[in-house]
Amino acid sequence: MNIAKILNNNVVVVLDEQQREQVVMGRGIAFQKRPGDQLDERCIEKVFALQSDELVRRLGELLSQIPLEVMTACDRIIELAKERLGKLQESLYITLTDHCFFAIERQKKGAVVRNVLLWEIKRLYPKEFELGQQARAILAKRLGVELPEDEAGFIALHLVTAQLNSEMPEVMHITKVMQEILHIVKYQLKLEYDEESLSYHRFVTHLKFFSQRMLSRTVVEDDDVSLHQAVKENYRLAWQCAEKVARHLVSNYQRSLTTEEIMFLAIHIERVRKERR
């Protein structure tokens, strides 16, 4: 590998066989080097071969401004998240690293930012929140900085964002809608959710993608009318509850649900209702 650009002593840009830029990271990797020089491959700690040239440019810009140890810690967090959650957006390398760096800087100055959605995040995204807690432990061990629990919630939202292919404000909006629907179902049917149950987790997963579609105005077209009628007749209470959710969404978000969407909501509501009655 030959150096195309030096960002700092620890980060360089190289060109691959297709002449696309890659960001290469390693302690002292560019010390006393110039563009055109050969890299010492023993110094390479990480190669970022991202699909988008724009992401490569933004990552290189970020890495030129933050300490190497912050990036390596965040890289470990992302690899752990990929193992647990599956494929994540590549932009997570930028968004999560940037967030963690500024969170660390804020903590050192004693400036704590409260996470107003922390309670909802714990309940709605338990896997992501647990990864957020592990991220706090990784940062504490590697960097000696103890971040507050609020940051586990913020990190969890970044992981949700990377799964949904959304932006952070949209994910916060999705979380709000999910919480509103869960409250309507809970009080309409007088339920106490079993948050460890499979039906609850399926319901929350459905609500996550349902809320994203609803906010983006993506419509699920009606399909089998006979199936709609069968669900309506057999799951009467759940259907009425789903209709109440639909009225709430029209009133608060000016979004009308198709009968197909009401049907799928009713099916998930019925599963939760049966389990808790």
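All figures in this text were calculated on a predicted structure; none of them were measured in a lab.

Thresholds applied
- Residues numbered from 1 in each chain as written.
- Predicted model: local features only at pLDDT ≥ 70, side-chain atom pairs only at ≥ 80, totals over all residues.
- Heavy atoms only, no water.
- Helix = DSSP H or I, 4+ residues; strand = E, 2+ residues; numbered from the N terminus.
- Buried < 20%, exposed > 50% of the residue type's maximum accessible area, 1.4 Å probe, protein only.
- Contact = heavy atoms within 4.5 Å.
- Areas by Shrake-Rupley, 256 points an atom, 1.4 Å probe, with all protein chains shown as cover.
- Phe/Tyr/Trp six-rings, centres within 6.5 Å; stacked < 30°, edge-to-face > 60°.
- Pairing = 2+ DSSP bridges.
- Salt bridge = Lys/Arg side-chain N within 4 Å of Asp/Glu carboxyl O.
- pLDDT = per-residue confidence, 0-100.
- Core = buried A, V, L, I, M, F, W, Y, C linked by side-chain atoms within 4.5 Å.

(A) Just the overall build of the chain, in detail. Scanning the chain for helices and strands turns up 11 helices and four strands. Counting only residues that meet the buried cut, the chain has 48% of its 277 residues in that class. Sequence-distant contacts, at least 24 apart, represent 66% of the contacts inside the chain between residues at least 6 apart. As displayed, the chain offers around 14300 Å² of accessible surface, 47% of which is attributable to carbon and sulfur atoms.

(B) Just the environment of Glu167, in detail. Among the secondary structure elements, Glu167 is positioned in the loop between helix H6 (149-164) and helix H7 (168-189). Residues Glu167 and Leu157, spaced 10 residues apart in sequence, show a C-alpha to C-alpha distance of 9.9 Å.

(C) The packing of aromatic side chains, seen in detail. The tally for this structure, following the rule as stated, stands at two aromatic pairs. Ring geometry for Phe101 versus Phe102: centroids 5.3 Å apart, planes at 65 degrees, classification edge-to-face. Classification of Phe101 as buried rests on a relative accessible area of 14%. Look at Phe102 and you get partly exposed, because its relative accessible area is 43%. Relative to Tyr200, the ring of Tyr193 has its centre 5.3 Å away and its plane inclined at 50 degrees; by these criteria the two rings are tilted.

(D) Region of interest: the pairing of strand E1 (residues 3-8). Direction of pairing for E1 relative to strand E2 (residues 11-15): antiparallel, over a ladder of four bridges. Residue pairing in the sheet places Lys5 in a bridge with Val13 of E2.

(E) Layout of the pattern of salt bridges. Tallied over the full model, the rule gives 14 salt bridges. Between Glu180 and Lys176 there is a salt bridge, and its shortest N-O distance comes to 2.7 Å. With Glu180 and Lys176 both in helix H7, this residue pair falls four residues apart, about one helical turn. Owing to a relative accessible area of 19%, Glu180 belongs among the buried residues under this scheme. A salt bridge links Glu270 to Arg273; the shortest N-O distance between them is 3.1 Å. Separated by three residues within a single helix, Glu270 and Arg273 lie in helix H11 (residues 259-276), roughly one turn from each other. For the pair Glu270 and Arg273, one class covers both residues: buried.

(F) Representation of the confidence of the model for the chain in the model. Of all residues in the chain, 96% have pLDDT values of 70 or greater, and the mean over the chain is 86. Ranking the elements of the chain by mean pLDDT puts strand E4 (residues 46-48) last, at 77, and helix H5 (residues 126-143) first, at 96.

(G) Highlighting the nonpolar core. Ranked by size, the top nonpolar core spans 45 residues in total, and within it Val185 and Phe203 carry the most contacts. When residues of this core are assigned to their parent elements, the largest contribution, 10 residues, is made by H7. Residue contacts for Val185: discarding those within four places in its chain leaves Lys190, Leu191, Tyr193, Phe203, Cys241, Val245 and Ile269. Residues Leu55, Cys74, Leu85 and Leu159 belong to the second largest nonpolar core, which totals 38 residues.

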